[in-house]
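# Coordinate inspection notes
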Amino acid sequence: PNVTTDPDEYDFMDDADTREILIKDVGGEGIDELLDGKDMKRENLDELHVRVFNLLVVRHKVQVGLELLKFLDGPSGWERISKIVDADVDRAALDGRVLDTTVRKVEVRKLVKALDGIMNGKGEEKLRGIWELHHKDDVGGEDGGIEREEMESVVEVYSKAVLEAFKVMGKKYIESIGDVKGRDWKVVGTKKHKKRLTKTFDRVTKRLLDVEQESPHRVRCIYQWAEKKHQGGEFDARHVVGEGGGKRYVELLPKITFEEFREIQTDVFKFLDEFGAGSSESFKEELLMNQGIGRQNRELWWQCVGFFTVCSVL
């Protein structure tokens, strides 16, 4: 499809905009007649649903890419992936070299690969592009090894970009919900239901990574349990000579490669490969839990009414 990266052009929740975008991006022959409700047979409805679904997929891909760029363009975003970390400076000092610690330019090739991976890739491809974005060719080695703090940054950058896109798409979906039908098909409390859904959605997304998935803990486990070949998997304790001639003690942790990371991550933190499905499942479980609590409260209310009624009669 002919996709634009302008998010304003993808406000597909408005009827007029929906028609225009469907015709523009995923339309083709017959889409206008389908939208007008002419000859709405089952096969035509299925075709329309498929095209709308394809539009949503494209919209989500674009949103993920936009959120990655927004995150990198935020406070210290580009610095996070381009700066030389302290461990690399210390390693160079042991070899008698002095590294330029100023913020470097990000290679366009790596940025394009990261965007392509997170938008169109699956599992490994999504993470590999961001991993290579953090890897510095002149200090990271040919095997693609990076420091622990850089590995933690890879997971954070990826998770935040996908989560923010999930928030945008989720809230747009909630906003698009039509009138809520009650008994006898009467319209009931649409705004109230939307407000409740939004509150639940915000609660789920807020605690999804740090609380429900325990992301920081899992990332630490991945690094500790990975079979790292660099430095034999052990930390290297050395004294580094500073610029003034004085010595200081440093502990250099081994670097970790993408393959070593993936070997453990697919078992310990599989959620990263199924981020969208896992996030939606968490939202669904929260809704089911709220329904159960509401039903339980209603039953308790009626039980209390019955109890006090009997007591008043006696």
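It should be noted that the structure appears before, not after, this text.
A short tour of the structure in this document, coming up. In this numbering scheme, every chain counts its residues from 1 along its sequence in written order. With pLDDT at 70 or above as the cut-off, local features in this predicted model cover only qualifying residues; side-chain atom pairs require 80 or more to be listed or tallied, and sums for whole chains, interfaces and linings still use all residues. Think of the side-chain values as coming from all heavy atoms in the structure, minus any hydrogens and water.

## Quick word on a nonpolar patch on the surface
A contiguous nonpolar surface patch, about 300 Å² in accessible area, is contributed by Phe235, Tyr249 and Leu253. Put simply, DSSP H or I for four residues or longer makes a helix, DSSP E for two residues or longer makes a strand, and each gets a number counted from the N terminus. Relative to the elements of secondary structure, Tyr249 occurs in strand 2 (residues 247-252). Two joining distances apply to patches: 9 Å for like charges and 5 Å for nonpolar side chains (Val, Leu, Ile, Met, Phe, Trp, Tyr), and every residue must have over 30% relative accessible area and no salt bridge. Only the protein chains shown count as cover for residues, with accessible areas throughout obtained via the Shrake-Rupley method and a probe of 1.4 Å. Throughout this description, the term salt bridge denotes a Lys or Arg side-chain nitrogen within 4 Å of a carboxyl oxygen of Asp or Glu.

## Some remarks on the pattern of salt bridges
Taken as a whole, this structure holds 20 salt bridges when the rule is applied. The closest approach of N and O atoms between Lys167 and Glu164, which form a salt bridge, is 3.2 Å. Of this pair, Lys167 and Glu164 both sit in helix 9 (residues 148-176), three residues apart, which is roughly one turn of that helix. Classification of residues uses two cut-offs on accessible area relative to the type maximum, computed with a 1.4 Å probe and protein chains only: under 20% is buried, over 50% is exposed, and between them is partly exposed. Residue Glu164 is classed as partly exposed on the basis of its relative accessible area, which comes to 31%. Residues joined by salt bridges that share partners form a network here, namely Asp88, Arg91, Glu147 and Lys255.

## Considerations on the nonpolar core
A general trend in soluble globular proteins is that nonpolar side chains are found buried together. To form a nonpolar core, buried Ala, Val, Leu, Ile, Met, Phe, Trp, Tyr and Cys residues must be joined to one another through side-chain atoms within 4.5 Å. Counting residues in hydrophobic clusters, the biggest one holds 43 residues, and the most contacted among them are Ile118, Trp131, Met151, Tyr158, Ile256, Phe261 and Phe275. If you list the elements that add at least two residues to this core, you get helix 3 (42-72), helix 6 (108-120), helix 7 (124-134), helix 9, helix 10 (190-212), helix 11 (215-225), helix 12 (258-268) and helix 13 (275-313). Take this core: its biggest share by element is eleven residues, from helix 9. Val85, Ala87, Val240 and Val250 belong to the second largest nonpolar core, which has five residues in total.

## Quick look at helix 6
Here the expected length of a helix is defined as 1.5 Å per residue gap, with one fewer gap than residues. Here helix 6 is 13 residues long and its end C-alpha atoms lie 18 Å apart, about the 18 Å a rise of 1.5 Å per residue gives. Where helix 6 is concerned, the buried positions are Lys110, Leu111, Ala114, Leu115, Gly117 and Ile118. Down the axis of helix 6, the smallest arc covering the buried residues is 165°, so these residues share one side. Facing away from the buried side of helix 6, by more than 90 degrees, are the exposed residues Val108, Arg109 and Val112. Directions drawn from the helix axis to the C-beta atoms are what define this arc.

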